[in-house]
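The chain contents come next:
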Amino acid sequence: MNSGVNLINHKLSVAPMLDWTDKHCRYLHRLISKDVLLYSEMITTPAILQGDKQKYIGFNSQEHPVVLQLGGSDPGDLAKSCIIAQEFGYDEVNLNVGCPSDRVQKGRFGACLMNEPELVVNCIKSMLQSVDIPITVKCRIGVDDNTSYENLLAFIQHLDQAGLQTVIIHARIAILKGLSPKQNRTVPPLNYDFVYRIKKTLPHLNIVINGGIETVEQAQKHLKYVDGVMLGRAIWNNPWLLNDLGETLFDTHTQTTRDDVLKHYQNYCQQQLDDGVKLHWLLPPILNLFHGISGNKKWKNYLVTQAPLRKNDLSVFDEAREFVTLN
Ligand SMILES: Cc1cc2nc3c(=O)[nH]c(=O)nc-3n(C[C@H](O)[C@H](O)[C@H](O)COP(=O)(O)O)c2cc1C
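Computed from a predicted structure; not experimentally measured.

Another point: the state of the cysteines. Under the defined criterion, the tally for this structure stands at 0 disulfides. Considering cysteine sulfurs only, Cys 99 is the nearest to Cys 112, which forms no disulfide, with 9.3 Å between them. Cys 112 gets classed as buried once you look at its relative accessible area, which sits at 13%. Between Cys 123, a cysteine without a disulfide, and Cys 82, which holds the nearest cysteine sulfur, the sulfur-to-sulfur distance is 9.9 Å.

Spelled out as structure tokens, the structure:
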């Protein structure tokens, strides 16, 4: 069924981040950049197949292009979840082969799948057969003592043979015993060279690099060796970096300002409040909008302390904005 042609632009993306890149966060990111590819948090196949679908995977039409990241390892369940994702209008489905959490290991998915390439191949084939939208994988460069370049290459070759065109590689290994997910994002050292070598050896694949990218200059450097860069924490900490990345990587010069973004996000919040969403869920993505600007700390502090007292009164944003001095 799948034509195999991936027309999605992977040059710049925001990483899937559990509890962070929900639909409100993605809405904000899209207000800042029209070029970036946005990923959902990881959603497990049981949540999609047995849970409240709208709650878990519903999104705003303005978010496109948007990718649903799945956690799972049952080829049948993954295929069914892909069909639902396609019906919901997602532009791509990504399989998580990089999460090291205990919960995920018990479910036999995430990073531990790097030790089971045949199972991953079955999953990919089943996903590709079920839908027309592109299927991609996000993995690590290795796991535990399975860390050689040869093993990584063999793993990616399996994905290639299964028909996959795009692989996002977090350039550190995952250590499944003894490190928390958070430590697994800092303790194992970054090894960008392995990712560059994969692109060199398999140039027909679309290779996206992830891990520790924090500046426009770093992104530009990586793009000399690979097809795309995926940034996670740096965008959460400073969402306006998306604007700077867009200007440099896509030569997009929007006239949009942080205040425009704030105004639009406020309107969005009003719609969400009218639909019964609590302000509490809408605040986190916008807290870092003024990162690096005088008054940022006071803006954040005011919102965090005052918004809960004010419940649904959005003028709290305007009051907090008074603390920020933009040139
Ligand atoms: C709070 C948080 C949640 C994350 N959740 C996911 C997830 O659901 N799926 C996934 O593939 N990676 C997840 N990650 C890992 C990121 O996608 C990314 O691979 C990692 O943070 C390294 O990129 P960075 O250095 O640009 O942040 C998460 C990271 C953070 C900080």
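We now examine helix α14 (residues 296-310). The end-to-end C-alpha separation of α14 is 20 Å, in line with the 21 Å expected for 15 residues at 1.5 Å each. Taken as a whole, α14 carries its principal kink of about 25° at Val 304; the proline Pro 308 stands between one and four residues after it. Buried residues of α14: Asn 296, Trp 299, Tyr 302, Leu 303 and Ala 307, and no others. Along its buried surface, α14 packs onto α12 (258-274), α13 (279-282) and α15 (315-321). Positive backbone phi, approximately 50°, marks Lys 311, located one or two places after α14.

We now examine the site of the ligand. Around the ligand sit 17 residues in total, of which Leu 18, Gln 69, Asn 210, Gly 212 and Arg 233 are the nearest. His 170 has a polar side-chain atom sitting 3.4 Å from an oxygen atom of the ligand. For the ligand, the accessible surface in isolation is 610 Å², of which the surrounding protein chains cover 92%. Of all the cavities here, the one that holds the ligand is the largest pocket. A per-class count over the shell around the ligand returns 7 nonpolar, 7 polar and 3 charged.

Thresholds, definitions, all that
Residues numbered from 1 in each chain as written. Predicted model: local features only at pLDDT ≥ 70, side-chain atom pairs only at ≥ 80, totals over all residues. Heavy atoms only, no water. Disulfide = S-S within 2.5 Å. Buried < 20%, exposed > 50% of the residue type's maximum accessible area, 1.4 Å probe, protein only. Helix = DSSP H or I, 4+ residues; strand = E, 2+ residues; numbered from the N terminus. Expected span 1.5 Å × (residues − 1). Bend = angle between axes of the 7 residues up to and from the residue. Contact = heavy atoms within 4.5 Å. Near = heavy atom within 4 Å. Polar contact = N/O pair within 3.5 Å; in protein donor to acceptor, adjacent residues only side chain to side chain. Areas by Shrake-Rupley, 256 points an atom, 1.4 Å probe, with all protein chains shown as cover. 1 Å grid on protein atoms, 1.4 Å probe; cavity = no way out; pocket = protein on both sides within 12 Å on 5 of 7 lines; lining within 4 Å. Sits in = over half its atoms within 2 Å of the grid points. Nonpolar A, V, L, I, M, F, W, Y, C, P; charged D, E, K, R; others polar.

So far we have only geometry, and geometry alone does not tell us how the molecule works.
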